[in-house]
Amino acid sequence: MLEWKTEIRHRLASLELEPSREAEIAEELSQHLMDRYTESLACGATPEEAYRAALAELDSAELLARELRRVESSAPPEPVVLGSNWRGDMFGGLWQDLRFATRMLLKNPGFTVVAALTLALGIGANTAIFTLMDAVLLKRLPVKQPEQLVEPMMVSGKAYNSFSWQAFQHWRQRNQSLSGLIASSNSRFYCVVEGAAPERVAGQYVTGDFFSVLGVSPAIGRMITPGDDRFEAPNAVAVISDGYWSRRFGRDPAALGKRIVVEDVPLTIVGVAPAEFSGLQVGSRVDLWAPLATEPLMHRPSFTSSAGYKWLQLVGRMKPGISLDQARADLDLLFRPAVVEPELALQTGPEAERRGLDWRLKVEPAGNGLSPLREQFSKPLAVLMVIVGLVLLIACANLANLLLTRAATRGREIAVRLALGAGRARLIRQLLTESLLLSLIGAAAGVLLANFGAQYLLEILESGRTPVLLDVQPDSRALVFTALLSVLTALLYGLAPALRASRSDLIAALKVGGRGLEFGGSRQRLSRSLIVAQIAISLILLVGAGLFLRTLRNLHSIDLGFERENVLLVTLDPSHSGYAPEQTRHSFLALLDGIQAIPGVRSASLSWNPPVAGGGSSRTVSLEGRAPGPEAKREIYVNWVAPRYFETLGVPLMAGRDFGSHDTPTSPGAVILNQTMARVFFGDANPIGQRIRVGDNDIREVVGVVGDSHYLEVREQITPTLYLNTFQSPAPGGEFAIRATGDPNAVIPAVRREIERHVKGMAIANVRTLASQVDAWIVQERLVALLSSCFSGLAMFIAAVGLYGVLSYTVARRTQEIGIRMALGAQPRDVMAMILKEITWLVCLGLALGVPLALILGRFTADLLYGLTPTDPLTIVAGILVMLTVALLAGYVPARRASRVDPMVALRHE
Amino acid sequence: MKKGSAELLILSLIEARPRHGYEISKLIEARSAGALSFHVASLYPLLYRLEKRGWIKGQWVEKAGQRRRRYYKLTPEGKKTLKAQRSAWESFVAAISRITGTEHA
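Source: prediction; values computed, not measured. (Residues numbered from 1 in each chain as written. Chains lettered and ligands numbered in written order. Predicted model: local features only at pLDDT ≥ 70, side-chain atom pairs only at ≥ 80, totals over all residues.)

Caption draft 1: Seen up close, the confidence of the model for chain B. With 92% of its residues at a pLDDT of at least 70, chain B reaches an overall mean of 83. Across the interfaces of the predicted complex, the ipTM metric reaches 0.85, alongside a pTM of 0.66. (pLDDT = per-residue confidence, 0-100.)

Caption draft 2: Summary view of the packing of helix H16 (residues 424-462) of chain A against helix H25 (residues 779-813) of chain A. Residues and elements named next belong to chain A. Their axes nearest at 9 Å, the elements H16 and H25 cross at an angle of 150°. The angle between H16 and H25 falls in the class roughly antiparallel. With respect to the hand of their crossing, H16 and H25 are arranged in right-handed fashion. For the pair H16 and H25, contact is made by Leu457, Ile460 and Leu461 and by Val779, Arg782 and Leu783, respectively. (Axes fitted to C-alpha atoms, helices over the stretch in contact; angles between N-to-C directions. Helix = DSSP H or I, 4+ residues; strand = E, 2+ residues; numbered from the N terminus. Parallel < 35°, antiparallel > 145°, perpendicular 65-115°, else oblique. Left-handed = near helix turned anticlockwise from the far one by under 90°. Contact = placed C-beta atoms within 7 Å.)

Caption draft 3: Geometry of the packing of helix H1 (residues 4-12) of chain A against helix H2 (residues 19-42) of chain A. Residue and element names in this part refer to chain A. Two elements in contact, H1 and H2, have axes whose closest approach is 9 Å; the angle formed by their N-to-C orientations is 130°. Here H1 is positioned oblique relative to H2, judged by the angle of their axes. When the axes of H1 and H2 are compared, the crossing they make is right-handed. Counted together, Trp4, Lys5, Ile8, Arg9 and Leu12 of H1 and Glu22, Ile25, Ala26, Leu29, Ser30, Leu33 and Met34 of H2 form the full contact between these two elements. Considered class by class, the residues forming the contact of H1 with H2 number eight nonpolar, one polar and three charged. (Nonpolar A, V, L, I, M, F, W, Y, C, P; charged D, E, K, R; others polar.)

Caption draft 4: Structural detail: the sheet that holds strand E2 (residues 56-61) of chain B. Residue and element names in this part refer to chain B. If you trace the three strands from one edge of the open sheet to the other, you get E1-E3-E2, paired in antiparallel fashion. The open sheet is flanked by strand E1 (19-20) and E2, the only strands paired with a single partner. Relative to strand E3 (residues 69-74), E1 runs antiparallel, the two being bridged by two bridges. Each residue of the ladder has a partner; that of Arg19, found in E3, is Tyr72. (Pairing = 2+ DSSP bridges.)

Caption draft 5: Highlighting the interface of chain A and chain B. On the side of chain B, 14 residues touch chain A, which itself brings 15 residues to the contact. Of all the secondary-structure elements, those providing two or more residues to the side of chain A that touches chain B are H2 and helix H4 (61-72) of chain A.

Caption draft 6: View of the nonpolar core. All names here are of chain A. By size, the foremost hydrophobic cluster in this structure holds 104 residues, and its most contacted members are Val391, Ile535 and Ala795. If one sorts the elements of this core by residue count, helix H14 (residues 372-409) sits on top with 19 residues. Excluding anything up to four places from it in sequence, Val391 contacts Gly122, Ala125, Phe791, Leu794 and Ala795. With 63 residues, the next largest nonpolar core counts Phe277, Leu292, Val363 and Ala366 among its residues. (Core = buried A, V, L, I, M, F, W, Y, C linked by C-beta atoms within 7 Å. Buried ≥ 20, exposed ≤ 12 C-beta atoms within 10 Å, placed from the backbone.)

Shown next as structure tokens:
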């Protein structure tokens, strides 16, 4: 006989029932279990199964005991609490909670809309910046085991992943830690496909094991293999990207085996890379890969044979089990023989030796891709992430305040529920469900905002010097981030109010009646602390925005030495046009005359290097007659320019003359110096007529001195610069500069016609204005300034709304007190002063907290600033003033309302 | 489940004749085609509660060849409650149908 009664009695023990009652219950329940048991047996269950099924009826001992306790105790409480038995299962009443939360939110549409919108802005901003950060910094390359990839970098000032062929060979043959070391080099390839116009595509020379080391397999065809990459007998093959395959071949599989003429060398397309692989560099795409061994065919003189020319990007794959530190130590061991010594062998003088000692090797993980973009944007993006995080924090503080106020008005409801036996935990769960629901609504709207936001940010990035090609569609990672963020925010702003609300004093709450619940001083203190925090954070953001805006202004007002407006830059590419250098010279002279004859063109000229394009040339220069000692022989920036170049850019001629048409390849060589060079080389002496040695034995006469202007980029110190006449060099440059009388874009069609007329068939490689070329340098600053000022404005607005809300509430609560004061003779002015004084207190407290924080956080922005320090007093004072003004404005309305309290009405208030 | 609906179920099931606990639980399970089920831990506390309120009355009955069982029957007060709860339930269902738009069968 099965002893059900023992089981049941065991479960009832804790109830301590009267023995007779317990026996009765035990008998009834055991009868039930016996019935269940017999039935199970009848249905074909084994005795064991039947026994288990019957026992399962008892559920947990706890449940039975608890349920019975309610009934059997002498004064049974009648719970009307929502979902009263939730302890058994965590999510039991969740649906109920959600429904209730929805009802509560719908009951206060105003509150809900404001709260959800605040959250949408806060969460949206975070998602947008995260998406961008994810794309630039966090995403892994679509290759096999990306975490094994490392890139070596040579540090001399900045860190560069560029090495010579010789260094690459040295490392590749002698390293112990890598299972593979691959090299690649970016190049703009001049490509001709049969039946299409010639074009330049982003190409890359890669070593034969490039794809096999990365573990990238072809979409169709095959990849480049070590067999293709033999210098003695290179295979003329190419692999194209998925994008190029679509663009040029319409995804036709017949593209395989087609011929593509790259830099005048016919290559056969043997494969298409998978769609997700577009090279190792984040933010840029490669369309065509060719074996490194074909480089000497396409490029003469070859970089491969040029000793010391650093043109290869290296990426290594660590052997399994090798740590980054081990790989670093291993490569570092070879750093001197591979890189430093060959480099020093090419340079002379003690200065070079000294520099060589400073060179270091850095080995970094490369699983997220090589990215100059990452270098450039990691800091600004981190700063932006902090900014949007702070904005969200302010939003949370605001919502917490709103909820506190609401909890006060819902005090009675909460008190009734507590009085009816709702557990505190249960109540907190209910309140948090509401917060969570609100957060999720905000997050959903935020994702939409983020979608637009990220696209817009990308457009700004794309106007930069190197077009940034990123995929910023919010993906699952961004969605997970947003979901986590919304839960976190819900806890952040919901928990404190929920804890506070559920701790209310029942008797007091119920006594106050319908008016609501006064939580006394502690609620006030909490909401005031939140206001103080909001003001402090707003100030940090304001100061940050101020710093970035002033940086942008400083950059804008840099004297570049030339006049950036109204200049059009046009790049012609004579390389594949079939023009001989002499022919190019004549054509360009004629073209310049033609362009200058266009109405609306003031002057035109050309140069080898365009202004502030990020690249340049240099030569060793010394004074003729002086022994070439370390001081006299210097590496100097040079540029080859045509007559009227300085006039066209607006660089003043300080002494001597400009180049002219009488300077020809056969006439004596002439040079023009910038002022810095004249001062460095000649001091106070007149440089005109002096002779200078350029390179080894090219002696030229100084004919003029021009004003200093920026050469490489916007943010640089002026360095000595030497100008040579481009028409006295073997091949003239192709960088045309055209100064228009008005909008330079207006003359583009006429310029194109002249080009067509004088140099038919020559490719126009690039057309842009000088102004946009300058602006491209400060894209990052523009982005940061724009976003930080938007976000700080937003933060300030949210904080002001919060301040307004809390003060309005305070004034409403204190109507009676104010009434009494006024009845006793206080003037409206006094009342207003009283309220404003309170505001001022809060604001000053916030500012006192915010200033040191701003100073501390400001330190991290130091290298993003230009022309000012993070502790710039003007910016900080301005931030304080703005915050103070906004806070007083926000407080003015409630203060005014307080001053207009009618004592009679106020005293009747209760 | 709507509050009090479990009570309503039990009251309705014993309206026609007295039944014992196991019978009640089987009937609920069978008539709801398995959608609703009560276990010992939830059913008996509910029965005792209803009994305590005076809506139902339990009685030990012995039948030949069987162990004794406790049968529950409706009290007069229980009949009144059942009537009231039933009409409240019907108007609740009707209201819900009107809102959700399904035809009231």
